[in-house]
Amino acid sequence: MPIVVDIDVMLARRKMPVGVLAAKVGITPANLAVLKNGRAEAVRFSTLAALCEVLDCQVGDLLRWEGDEHGEGDPES
């Protein structure tokens, strides 16, 4: 998938354990693991907003688009 989730990067920068982030955001550690490991197919804007608030960051600090060499994510392919 061309969308990369960088929650681990922000957790390391904030020196925050995953369990603490999950509790502050109000989601289960299992659901946070699905999101941070890039296995989620969707994320609610409310969850994304809560992550940004708790981690004091912007959406672009958590999510980035990364195309691949096979044209995935290329609108013209």
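Our subject is the structure listed above.
Definitions and cut-offs
- Residues numbered from 1 in each chain as written.
- Predicted model: local features only at pLDDT ≥ 70, side-chain atom pairs only at ≥ 80, totals over all residues.
- Heavy atoms only, no water.
- Helix = DSSP H or I, 4+ residues; strand = E, 2+ residues; numbered from the N terminus.
- Buried < 20%, exposed > 50% of the residue type's maximum accessible area, 1.4 Å probe, protein only.
- Contact = heavy atoms within 4.5 Å.
- Areas by Shrake-Rupley, 256 points an atom, 1.4 Å probe, with all protein chains shown as cover.
- Salt bridge = Lys/Arg side-chain N within 4 Å of Asp/Glu carboxyl O.

Colleague: Sorry, what's going on with the overall build of the chain here?
Modeller: The helix and strand tally for the chain stands at five helices and two strands. For the chain, the N- to C-terminal ordering of α and β elements is β-α-α-α-α-α-β. Split into buried and exposed, the 77 residues of the chain put 30% on the buried side. Sequence-distant contacts, at least 24 apart, represent 61% of the contacts inside the chain between residues at least 6 apart. With the model as given, the accessible surface of the chain reaches about 5300 Å², and the carbon-plus-sulfur share is 53%.

Colleague: Where do I start with the pattern of salt bridges in this structure?
Modeller: One pass over the structure, following the stated rule, counts three salt bridges. Salt-bridge contacts for Asp6 lead to Arg64; the nearest nitrogen and oxygen are separated by 2.6 Å. Pair noted here: Asp6 is in the loop between strand 1 (3–5) and helix 1 (7–14) and Arg64 is in strand 2 (residues 63–65), with a separation of 58 residues, a long-range link. Overall, Arg64 belongs to the partly exposed group, its relative accessible area being 34%. With a shortest N-O distance of 2.7 Å, Arg64 and Glu66 are connected by a salt bridge. Judged by its relative accessible area of 43%, Glu66 falls in the partly exposed class. Linked through salt bridges whose partners overlap, the residues forming this network are Asp6, Arg64 and Glu66.

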